[in-house]
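Each chain, written out:
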Amino acid sequence: MSKFSFSQDLGIDLGTSNTLVFMKNKGVVVREPSVVAKNIETGEIEAVGSTARNMIGRTPGSISVLRPMKDGVIADYDTTAVMLKYYMKRASRKRSMLAGKPNVIICVPSGITKVEERAVIDAAKQAGAKNAFPVAEPFAAAIGAGLPVWEPTGSMIVDIGGGTTEVAVISLGGIVTSKSIRVAGNSMDEAISQYIKKQYNLAIGERTAESIKMEIGTAGEVSEQSEMEIRGRDLLSGLPQTISITAVEIAGALNECVEAIVEAVKNTLEKTPPELSADVMDRGIVLSGGGALLKNLDQVISNKTEMPVFVTENPLDSVAVGTGMSLEYIKQFSSHPNISSQATLGD
Ligand code: ADP
Ligand code: MG
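Residues numbered from 1 in each chain as written. Chains lettered and ligands numbered in written order. Predicted model: local features only at pLDDT ≥ 70, side-chain atom pairs only at ≥ 80, totals over all residues. Heavy atoms only, no water.

Caption draft 1: A look at the site of ligand 1. Around ligand 1, a shell composed of 18 residues is seen, among which S17, N18, G162, E210 and K213 lie nearest. One of the side-chain nitrogen or oxygen atoms of E210 is found 2.5 Å away from an oxygen atom of ligand 1. Contact with the protein chains hides 90% of the accessible area of ligand 1, taken as 570 Å² for the molecule alone. Taken atom by atom, the bulk of ligand 1 overlaps the largest pocket. Of all the elements in the fold, those that place two or more residues in the shell around ligand 1 are helix 5 (185–200) and helix 6 (206–216). (Near = heavy atom within 4 Å. Polar contact = N/O pair within 3.5 Å; in protein donor to acceptor, adjacent residues only side chain to side chain. Areas by Shrake-Rupley, 256 points an atom, 1.4 Å probe, with all protein chains shown as cover. 1 Å grid on protein atoms, 1.4 Å probe; cavity = no way out; pocket = protein on both sides within 12 Å on 5 of 7 lines; lining within 4 Å. Sits in = over half its atoms within 2 Å of the grid points. Helix = DSSP H or I, 4+ residues; strand = E, 2+ residues; numbered from the N terminus.)

Spelled out as structure tokens, the structure:
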């Protein structure tokens, strides 16, 4: 038996929209938006996380609000490292002083290049990790959602985040088929903004678009007649204006994104070996990620694929919980530094 305790190590979900840090026996200890506000004159960090997020669209010229992750990968290396350091420090308040630098398991999208993966690992080390091990995001999501990933049975996970939707079929601890598309929560927000601009000549901010999606956004046909009052800037008069929009309109605006997600699921099923797709048919498709919370999305996917579809219990947490549960295997990773390229961690 090793005399080391790994209980103080961290699992990190470095997402396009949100970053979560998981600690064994403590659960999710940090849950913050992946946003950093920087003073562009002094280069100083003004705020990180939800404080920075509240500044979006409301900053003076001297402050720039950055999202260092784009489509699941690092777009701004230095800012990502600063943000990770801040969150790891926050998590370390819950760790014992004696624990030293933590080992970290951090998720990366399944379609990532080696160079992009290296950047994530280096950023985690720069942020204070002793060692950092990558785990494929859909694999972590599947573990976190409680799917039997190690068994000889096909499990399908669809993780819908901010930047990307990752679809994967997993069996015997490895990813058998997967697909990643750049259509997810952010594209839904953009589709809503575009619709309102075109239909009403009204410019709205991204926070407003997101809240419309969360409040009245629905996939597929809408039966209930809910409405929402929104404010924006009239593009003709330049003045603030309030309008009322309906759930039916928003469902129409979201249609293209929903179709793209359905197509990605269908494509993955088509590429899946028959025994495994039969398992998926029996057990159903599991949705995770914040985008899984879009109303009626599970129903639409179910209708279009003729398979049962479930949303996992805490879709925003599943990847973080999965990275945390992967900490159990960290000893294997340390003795096999190349294991990330082998089946255990997916492609
Ligand atoms: P990432 O892994 O990319 O950081 P998350 O899994 O944290 O993303 O999900 C964030 C996305 O989920 C955002 O686009 C957000 O708007 C969306 N989201 C969160 N809650 C809801 C909801 N109730 N309905 C629809 N979308 C939601
Ligand atoms: Mg995610």
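So much for the structure itself; the text now carries on.
Caption draft 2: Summary view of the layout of surface pockets. Within this model, the largest pocket holds a volume of roughly 1100 Å³. Taken together, the elements giving at least two residues each to the lining of the largest pocket come down to strand 2 (18–23), strand 3 (27–33), strand 7 (69–70), strand 11 (155–160), helix 5, helix 6 and helix 10 (318–326). Broken down by element, the residue count for the lining of the largest pocket peaks at 6 residues, all from helix 5. Residues of the lining of the largest pocket, tallied by class, amount to 11 nonpolar, 19 polar and 18 charged. (Points joined across faces, edges and corners; volume = space filled by probe spheres on them. Nonpolar A, V, L, I, M, F, W, Y, C, P; charged D, E, K, R; others polar.)

Caption draft 3: Structural view of the sheet that holds strand 16 (residues 240–246). Pairing is antiparallel across the open sheet formed by 3 strands, whose spatial order is 14-15-16. Each edge of the open sheet is held by one strand with a lone partner, namely strand 14 (202–203) and strand 16. (Pairing = 2+ DSSP bridges.)

Caption draft 4: Geometry of the sheet that holds strand 4 (residues 36–39). Strand order in the open sheet made by the 3 strands is 5-4-6, with antiparallel pairing throughout. Lying at the two open borders of the sheet, with one neighbouring strand each, are strand 5 (45–48) and strand 6 (63–66). Going from strand to strand, the sheet's axes swing by 20° on average, the running direction of each strand aside. Note: strand 4 against strand 5, 3 bridges, orientation antiparallel. Considered in strand 5, the bridge of K38 is made with I45. Helix 2 (residues 77–92) contacts strand 4, strand 5 and strand 6 of the sheet and is inclined by roughly 60° relative to strand 5. (Axes fitted to C-alpha atoms, helices over the stretch in contact; angles between N-to-C directions. Contact = heavy atoms within 4.5 Å.)

Caption draft 5: Focus on the environment of V321. With respect to the helices, strands and loops of the structure, V321 is situated in helix 10. Residues V321 and K198, spaced 123 residues apart in sequence, show a C-alpha to C-alpha distance of 41 Å.

Caption draft 6: The packing of aromatic side chains, seen in detail. For the structure on display, the rule yields 3 aromatic pairs. With 5.7 Å between their ring centres and 70° between their planes, Y86 and Y87 make a pair best called edge-to-face. With a relative accessible area of 39%, Y86 lands in the partly exposed category. Seen from their ring centres, Y195 and Y200 are 6.4 Å apart, and the 80° between their planes marks the pair as edge-to-face. (Phe/Tyr/Trp six-rings, centres within 6.5 Å; stacked < 30°, edge-to-face > 60°. Buried < 20%, exposed > 50% of the residue type's maximum accessible area, 1.4 Å probe, protein only.)

Caption draft 7: Just the environment of L235, in detail. Position of L235 relative to the elements: it lies in the loop between strand 15 (227–234) and strand 16. Look at L235 and you get partly exposed, because its relative accessible area is 35%. The sequence separation of L235 and K197 amounts to 38 residues, and the corresponding C-alpha distance is 8.2 Å.

Caption draft 8: A look at the packing of helix 4 (residues 137–144) against helix 10. One can describe the packing of helix 4 onto helix 10 by two numbers: an axis separation of 7 Å at closest approach and a directional angle of 90°. Relative to helix 10, the element helix 4 is oriented roughly perpendicular. For the pair helix 4 and helix 10, contact is made by E137, A140, A141, I143 and G144 and by S318, V319, V321, G322, T323, M325 and S326, respectively. Looking at side-chain class alone, the contact of helix 4 with helix 10 contains 6 nonpolar, 5 polar and 1 charged residues. (Parallel < 35°, antiparallel > 145°, perpendicular 65-115°, else oblique.)

Caption draft 9: Structural context of the side chain of T79. Mapped onto the fold, T79 is located in helix 2. Polar contacts involving the side chain of T79 include one to the side chain of K38, which spans 3.2 Å. A polar contact is formed between the side chain of T79 and the side chain of D76, at a distance of 2.7 Å.

Caption draft 10: Representation of the domain arrangement of the protein chain. Domain assignment breaks the protein chain into domain 1 (10–137 + 318–335), domain 2 (141–183 + 258–311) and domain 3 (185–253). Here the C-alpha centroids of domain 1 and domain 2 sit 25 Å apart. Contacts between the two partners involve 14 residues from domain 1 and, on the opposite side, 15 residues from domain 2. Between domain 1 and domain 2 lies a buried interface of about 1200 Å² when both sides are counted; carbon and sulfur atoms form 56% of it. Across the salt bridge formed by R182 and D71, the nearest N and O atoms sit 3.4 Å from each other. Put simply, domain 1 and domain 2 have 3 residue pairs in polar contact (both at pLDDT 80 or more) between them. Broken down by element, the residue count for the side of domain 1 that touches domain 2 peaks at 6 residues, all from helix 10. Here the side of domain 1 that touches domain 2 is composed, by residue class, of 6 nonpolar, 6 polar and 2 charged. (Domains from an automatic or database assignment. Buried area = accessible area lost by both parts, 1.4 Å probe. Salt bridge = Lys/Arg side-chain N within 4 Å of Asp/Glu carboxyl O.)

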